[in-house]
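Below, each chain spelled out in residue letters.
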Protein chains: 2
Amino acid sequence: MNEKIRYLREKMKKLDLEGMIISNPINIKYLTNIEEEGTLLITRKENIFITYSMYLESVKNTLTINDEIIVADTREISKEDYENFFLFCENVGFEENYVTYENYKIIKQKYKTNNLVETEGLLEKMREVKNQDEINNIKKACEITDRCFEHLQKFIKIGITEIEIANEIEDFFKKNGAENISFKPIVAVGENTSNPHWKPTKRAVKMADPILIDMGCKYNGYCSDMTRTIFMGCILEEIKPIYDLVLKNQLLTTREMREYANIKMLSSISETDFKVNGYDLIHAVGHGIGLEVHERPIISFKNDTFLKENMVLANEPGIYLPGKYGIRIEDTVLVGKNEGISLTNFPRTYVVI
Amino acid sequence: MNEKIRYLREKMKKLDLEGMIISNPINIKYLTNIEEEGTLLITRKENIFITYSMYLESVKNTLTINDEIIVADTREISKEDYENFFLFCENVGFEENYVTYENYKIIKQKYKTNNLVETEGLLEKMREVKNQDEINNIKKACEITDRCFEHLQKFIKIGITEIEIANEIEDFFKKNGAENISFKPIVAVGENTSNPHWKPTKRAVKMADPILIDMGCKYNGYCSDMTRTIFMGCILEEIKPIYDLVLKNQLLTTREMREYANIKMLSSISETDFKVNGYDLIHAVGHGIGLEVHERPIISFKNDTFLKENMVLANEPGIYLPGKYGIRIEDTVLVGKNEGISLTNFPRTYVVI
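Residues numbered from 1 in each chain as written. Chains lettered and ligands numbered in written order. Predicted model: local features only at pLDDT ≥ 70, side-chain atom pairs only at ≥ 80, totals over all residues. Heavy atoms only, no water.

1. So, the overall build of chain A
And then number 1: Looking only at helices and strands, chain A has 10 helices and 19 strands in total.
And then number 2: Each principal axis of the C-alpha atoms in chain A carries an extent, and together these give about 70 × 40 × 35 Å.
And then number 3: Here chain A holds 353 residues, and 56% of them are scored as buried.
And then number 4: Counting only contacts in chain A whose residues sit at least 6 apart along the sequence, the fraction spanning at least 24 positions is 67%.
And then number 5: Of the roughly 15,800 Å² of accessible surface on chain A, a fraction of 51% belongs to carbon and sulfur atoms.
And then number 6: The positive charge centre, built from 46 side chains, and the negative charge centre, built from 55, are 1 Å apart in chain A. (Helix = DSSP H or I, 4+ residues; strand = E, 2+ residues; numbered from the N terminus. Buried < 20%, exposed > 50% of the residue type's maximum accessible area, 1.4 Å probe, protein only. Contact = heavy atoms within 4.5 Å. Areas by Shrake-Rupley, 256 points an atom, 1.4 Å probe, with all protein chains shown as cover. Lys, Arg positive; Asp, Glu negative; His and termini not counted. Charge placed at Lys NZ, Arg CZ, Asp CG, Glu CD.)

Put into structure tokens, the structure is as follows:
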């Protein structure tokens, strides 16, 4: 059987779950590689993917015999079939953080399970630790992202707008082997860098502007995420100590992203040092990266858990001075046994173009 | 007060709702134009948008005094504030088709409402009928889409791949005033046209290939949706009668998309005629279009309701012969008093390039 589903079944056993109804397409893609719409049922004896007739062919092309997944056509499943899938099962899990309240009621009614139980992010927790294939995909996405930044370094000139840069990023990714962007690029120029979630506008690059670019792409479904703040022509002297402060903490945090590191402590590295210097860390210092660009675990002071080897995390401290400028430096980091390994590697030192 | 919120309040009164918790970002955008993350509360006396500090500025820039919406910072709202928002309210609505089961439980706990009730798509139903501003935005998106097809007619040559055409579409939209695509373009060439939900591949255009392109863009958040099936060099004679059959029914359906038309009947136009000729209609003949490219109402034989003036609908009958070819013709149609008005207008007759 498919290795991930076998592992899921072990986890289910420990949680006393005799079945599971999986609706979240990202969890389905994770377990099966299927990208078509449908529902994956883990019943006591079988794995069944129920989908629409128009997707049958491509779903069957995605699966291998080794997956041991039965593909079924919605049109051929009767009311009784639904009721029988989990017959005599005590606890059947569902994804309470994906299924809407309305669909919860429909599921409850359709499958007639004794006890429909919340799985508390069981699959999202599994997804936190990546296997070698997943890491390889993320590495590829990171390589393309590095190359994109190298390209931008030559592409960006005085007079070019935030929107034009954002379009160039999307274009570059598509033409260089990425299947997609992992999120709409954030491109902020000058005073706009002070807003951490800026949407690109027609603001054009001028001499001495900081340029903050936060971007990522997807490779085989897996995401990268990287930010650099670079400068047009020169760096205002007053920005340098802030840049240095962000960079120092970013590098230290990457190094500390190792097995058994406490997440709360990890978050407090930048937080404390920023505070000592009179600044606030106004967003989480990071998040998991995988099939989603933001996934578990969140790297914030609220999370008192520990890192595991082969988690992949964004590490993105930033300082923002409203109306003036902001500096953020971000890498996609692989959690190693002894230290974190940055998978994005465009220079982190001052880049003046 | 903002016209849409006033109308919502009238609807709420009729449904005996004394408050509403709006979480779906599309419904929030519809009511307020706000695109930032947050929750909109319709309390007995006030409209309150609760958001994160980093979004406060841009939210305030979006709203006008006329909106009468109070903007609040999540950090400044206490546990008691949440409990007081709907104090003494009998029924408070929530979006059961958007809110996850987990968030439903959080909402229930946080707001301590007597009776948290399902609103049964109240806002999605409101969104079905468009006002003049919304129609103008959709018209703009349709114009850009028409122009994109004109461009493709010149751009597509023998040897070009599905992926290259799809990239060109995205590029054209961005460079011609659209803020985004409304969905990933479907570009299918040759035998791939027989799959209605094809994802672009490296399949290159050859002589005599049919080329099916289903695409749309967004203008001010509003979507367009159009499909044409065109031909490289010549049209196989055997395709012509199928094309004619699809086109005849598509045109008839557009004409019938008028006020008070029964949706079930509308769907049966193509369905019946296809069947008589030995083909099946394997997907719904259409759907609502607005802030989402697929929204209410669904135009299918299961929907026994009636059209209203100023709904905007996709009309997209298609015939697919597995492994051979498929023909789909689709327009974005405005429901008029006496007949439907097509807002996309690239030629529907045989286009041979």
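And the narrative resumes.
2. Observations regarding the layout of surface pockets
Residues and elements named next belong to chain A.
And then number 1: Its volume calculated, the second largest pocket comes out at about 620 Å³.
And then number 2: For the second largest pocket, the lining is made up of 28 residues, of which Lys11, Leu122, Lys125, Met126 and Lys308 are closest to its centre.
And then number 3: Among the elements of the structure, α1 (3-14), β6 (115-118), α6 (122-128) and β14 (295-299) are those that each provide at least two residues to the lining of the second largest pocket.
And then number 4: Here the residues of the lining of the second largest pocket sort into 12 nonpolar, 4 polar and 12 charged. (1 Å grid on protein atoms, 1.4 Å probe; cavity = no way out; pocket = protein on both sides within 12 Å on 5 of 7 lines; lining within 4 Å. Points joined across faces, edges and corners; volume = space filled by probe spheres on them. Nonpolar A, V, L, I, M, F, W, Y, C, P; charged D, E, K, R; others polar.)

3. A few points about unusual backbone geometry
And then number 1: Here the amide bond leading from arginine 296 of chain A into proline 297 of chain A is cis, since omega sits at -5°, within 30 degrees of zero.
And then number 2: Looking at the secondary structure, you find proline 297 of chain A in strand β14.
And then number 3: A positive phi is found at alanine 208 of chain A, a non-glycine position, where the angle reads about 75°.
And then number 4: Position of alanine 208 of chain A relative to the elements: it lies in the loop between β8 (186-189) and β9 (210-215).
And then number 5: One non-glycine residue, lysine 112 of chain B, lies in the positive phi region at around 45°.

4. Describing the packing of helix α9 (residues 240-256) of chain A against helix α10 (residues 263-276) of chain A
All names here are of chain A.
And then number 1: Interhelical geometry of α9 versus α10 gives an angle of 160° and a closest axis separation of 9 Å. The pairing of α9 with α10 is recorded here as roughly antiparallel in orientation. Helix-helix and strand crossings are classified by hand; for α9 and α10 the assignment is right-handed. Touching Leu245, Val246, Lys248, Asn249, Leu252, Thr253 and Glu256 of α9 are Leu266, Ile269, Ser270, Asp273 and Phe274, all from α10.
And then number 2: Considered class by class, the residues forming the contact of α9 with α10 number 6 nonpolar, 3 polar and 3 charged. (Axes fitted to C-alpha atoms, helices over the stretch in contact; angles between N-to-C directions. Parallel < 35°, antiparallel > 145°, perpendicular 65-115°, else oblique. Left-handed = near helix turned anticlockwise from the far one by under 90°.)

5. What to know about the packing of helix α8 (residues 162-175) of chain A against helix α8 (residues 162-175) of chain B
And then number 1: Running from amino to carboxyl end, α8 of chain A crosses α8 of chain B at an angle of 175°, the nearest separation of the two axes being 11 Å. One element, α8 of chain A, and the other, α8 of chain B, form an angle in the roughly antiparallel class. Counting all contacts with α8 of chain A, which are made through Asn167, Glu170, Asp171 and Lys174 of chain A, the residues of α8 of chain B involved are Asn167, Glu170, Asp171 and Lys174 of chain B.
And then number 2: Looking at the contact of α8 of chain A with α8 of chain B, its residues break down into no nonpolar, 2 polar and 6 charged.

6. Side note on the pairing of strand β8 (residues 186-189) of chain B
All names here are of chain B.
And then number 1: Alternating positions in β8 separate into two faces, Ile186 and Ala188 on one and Val187 and Val189 on the other, with burial throughout.
And then number 2: Both β8 and strand β9 (residues 210-215) contribute to a ladder of 4 bridges, which runs antiparallel. Across the sheet, the residue bridging to isoleucine 186 is aspartate 214, located in β9. (Pairing = 2+ DSSP bridges.)

7. A short note on the interface of chain B and chain A
And then number 1: Each partner contributes residues to the interface: chain B has 25 residues there, and chain A has 24 residues.
And then number 2: Of the roughly 2,200 Å² buried between chain B and chain A on both sides combined, carbon and sulfur atoms contribute 49%.
And then number 3: In terms of surface lost to chain A, no three residues of chain B exceed Met54, Tyr101 and Lys174 of chain B, which account for 28% of the buried area on that side.
And then number 4: Note that lysine 174 of chain B and glutamate 170 of chain A form a salt bridge whose closest N and O atoms lie 2.8 Å from each other.
And then number 5: Listing elements by their share of the side of chain B that touches chain A, those giving two or more residues are α5 (101-111) and α8 of chain B. (Buried area = accessible area lost by both parts, 1.4 Å probe. Salt bridge = Lys/Arg side-chain N within 4 Å of Asp/Glu carboxyl O.)

8. Brief notes about the relation of the copies chain B and chain A
And then number 1: Each copy of the sequence occupies a distinct position, and chain B is placed on chain A by a rotation of 180° and an axial shift of 0.0 Å, giving an RMSD of 0.0 Å. Accordingly, the operation relating the two chain copies is best matched by a two-fold axis. For chain B, the smallest separation between a C-alpha atom and the rotation axis is recorded for threonine 100 of chain B, amounting to 1.9 Å.
And then number 2: By residue overlap, the copies meet face to face through one surface: 96% of the interface positions of chain B are interface positions in chain A. (Least-squares fit on C-alpha atoms with pLDDT ≥ 70 in both.)

9. Overview of the environment of asparagine 262 of chain B
Residues and elements named next belong to chain B.
And then number 1: Among the secondary structure elements, asparagine 262 is positioned in the loop between α9 (240-256) and α10 (263-276).
And then number 2: Under the relative-accessibility criterion, asparagine 262 is labelled buried at 13%.
And then number 3: Along the sequence, asparagine 262 and isoleucine 298 sit 36 residues apart, while their C-alpha atoms lie 12 Å from each other.
And then number 4: If sequence neighbours within four positions are ignored, asparagine 262 has contacts with Asp304, Thr305 and Phe306.
And then number 5: Among the polar contacts listed, one links the side chain of asparagine 262 to the backbone nitrogen of methionine 265, at a separation of 2.9 Å.
And then number 6: Polar contacts involving the side chain of asparagine 262 include one to the side chain of aspartate 304, which spans 2.9 Å. (Polar contact = N/O pair within 3.5 Å; in protein donor to acceptor, adjacent residues only side chain to side chain.)

Fair warning: the whole summary comes from geometry, so function is off the table for now.
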